[in-house]
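Structural description and commentary
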Amino acid sequence: MKKNEPLLKAASYFWSSTYNAFLFNHGPMTPTLADIHMLTGLNITGTAHPHAILVRPSYKFDSIRSGGWSNYITTHNTAQKSVNDREHVAFLNMWLDRYLFCGQACSPTFNYLVLAEKTATDSEIPLGKYLLGALYHLMNQVSQYLMKNETVPTITGPWWLLQLWLN
C-alpha cells in the first residue's frame, strides 16, 4: 500500500458522486475552478469547445510501448538547439499524460495527443477545467469501489491535486 492511499480512502468516504463534493457536518466542500487556477496557474476560462479535442491528431507518433518514457524521450528528441513543433507536441503529450493527469500506463500513451497539439498552438485551452474533471472522475471511481466494499485498484489520476488542495 502506498503511503498516501489511506488519506485518499479516508477522503473518499466523505465524497458524494452526486454533488462532486465532500459532505461534512458543516456542509459540502469541493475544489473549484478558482482553486485550480490559484494552485496551478492553469487556464480555466478558455474559449475552446470540448468537442474541439475530439478530432484526429495532426502528428502521428509510432507506438513505443516497450522502453517506457525514457525511450519515448530519446525517440522524439531531435537534439537541435531549437525545438520544432513535433518535438514540442511530443513533450506536451508526455507532460499531460505523466505529470498533470497521471495516466495509468507506465509507458507512453497518446490519450492526450490532441490536447497537447491544441495546447501547443492555442493558449485558449482551459486545461484547468479538464484537470478538475479528472479529479472528480478519480474521486468518483475510488468512492464506487469503497461503496461496493471492493479493493481499490492502483490509484491513477491527479491525486497530487487533491493532496495540494487539502494542504
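A short tour of the structure in this document, coming up. (Residues numbered from 1 in each chain as written. Predicted model: local features only at pLDDT ≥ 70, side-chain atom pairs only at ≥ 80, totals over all residues. Heavy atoms only, no water.)

1. As for helix 5 (residues 113-121)
Stated formally: Each residue's exposure class comes from its accessible area (1.4 Å probe, protein chains only) as a fraction of the maximum for that residue type: buried when under 20%, exposed when over 50%, partly exposed otherwise. Numbering of helices and strands runs from the N terminus; a helix is a DSSP stretch of H or I covering at least four residues, while a strand is a stretch of E covering at least two. Contacts between residues were defined by any pair of non-hydrogen atoms, one from each residue, lying within 4.5 Å.
Every buried residue of helix 5 is listed here: Leu 113, Val 114, Leu 115, Ala 116 and Glu 117. In this structure, the buried residues of helix 5 make contact with helix 4 (85-100) and helix 6 (127-147).

2. A look at the layout of surface pockets
Rules: Note on definitions: the grid is 1 Å and covers protein atoms alone; a cavity is a set of points where a 1.4 Å probe fits but cannot get out; a pocket is an open set with protein on both sides within 12 Å along at least five of seven lines; lining residues have an atom within 4 Å of a point. Grid points are joined across faces, edges and corners, and a volume is the space filled by probe spheres set on the points. Each residue receives one of three labels: charged for Asp, Glu, Lys and Arg, nonpolar for Ala, Val, Leu, Ile, Met, Phe, Trp, Tyr, Cys and Pro, and polar for the others, Gly being one of them.
Reported here for the second largest pocket is a volume of approximately 200 Å³. Along its surface, the second largest pocket is lined by 15 residues, and Phe 101, Gly 103, Tyr 112, Thr 156 and Gly 157 are the ones closest to its centre. A per-element tally of the lining of the second largest pocket places helix 6 first, with four residues. Looking at the lining of the second largest pocket residue by residue, the class counts come to seven nonpolar, seven polar and one charged.

3. Quick notes on the packing of aromatic side chains
Formally: Pairs were defined over the aromatic rings of Phe, Tyr and Trp, the Trp ring being its six-membered one, requiring ring centres within 6.5 Å. Orientation was assigned from the angle between planes: stacked under 30 degrees, edge-to-face over 60, tilted for the rest.
Tallied over the full model, the rule gives six aromatic pairs. Relative to Phe 24, the ring of Phe 14 has its centre 5.3 Å away and its plane inclined at 45°; by these criteria the two rings are tilted. Of this pair, Phe 14 sits in the loop between helix 1 (5-13) and strand 1 (15-16) while Phe 24 sits in strand 2 (residues 21-24), and the two are ten residues apart along the sequence. Overall, Phe 14 belongs to the partly exposed group, its relative accessible area being 42%.

4. Describing the sheet that holds strand 1
Rule in force here: When DSSP finds at least two bridges between two strands, those strands are taken to pair.
Spatially, 1-2-3 is the arrangement adopted by the three strands of the open sheet, whose pairing is antiparallel. If you trace the sheet from one side to the other, it starts and ends with strand 1 and strand 3 (27-29), each paired once. When strand 2 meets strand 3, the two strands line up antiparallel, connected through three bridges. From the neighbouring strand, Phe 24 faces strand 3, where its bridge partner is Gly 27.

5. Notes on the environment of Asn 93
As for its placement among the helices and strands, Asn 93 is situated in helix 4. Owing to a relative accessible area of 0%, Asn 93 belongs among the buried residues under this scheme. Sequence-distant contacts of Asn 93, that is, excluding residues within four places in its chain, are made with Tyr 72, Thr 109, Phe 110, Tyr 112, Leu 113 and Ala 116.

6. Structural notes on the nonpolar core
Where a protein is soluble and globular, its nonpolar side chains tend to be buried together. Filter applied, for reference: Here the nonpolar core consists of buried residues drawn from Ala, Val, Leu, Ile, Met, Phe, Trp, Tyr and Cys, with membership extended through side-chain atoms lying within 4.5 Å.
Counting residues in hydrophobic clusters, the biggest one holds 37 residues, and the most contacted among them are Met 139 and Leu 162. Where this core is concerned, the elements lending two or more residues are helix 1, helix 3 (68-76), helix 4, helix 5, helix 6 and helix 7 (159-166).

The values reported here are purely geometric and, on their own, carry no functional implication.
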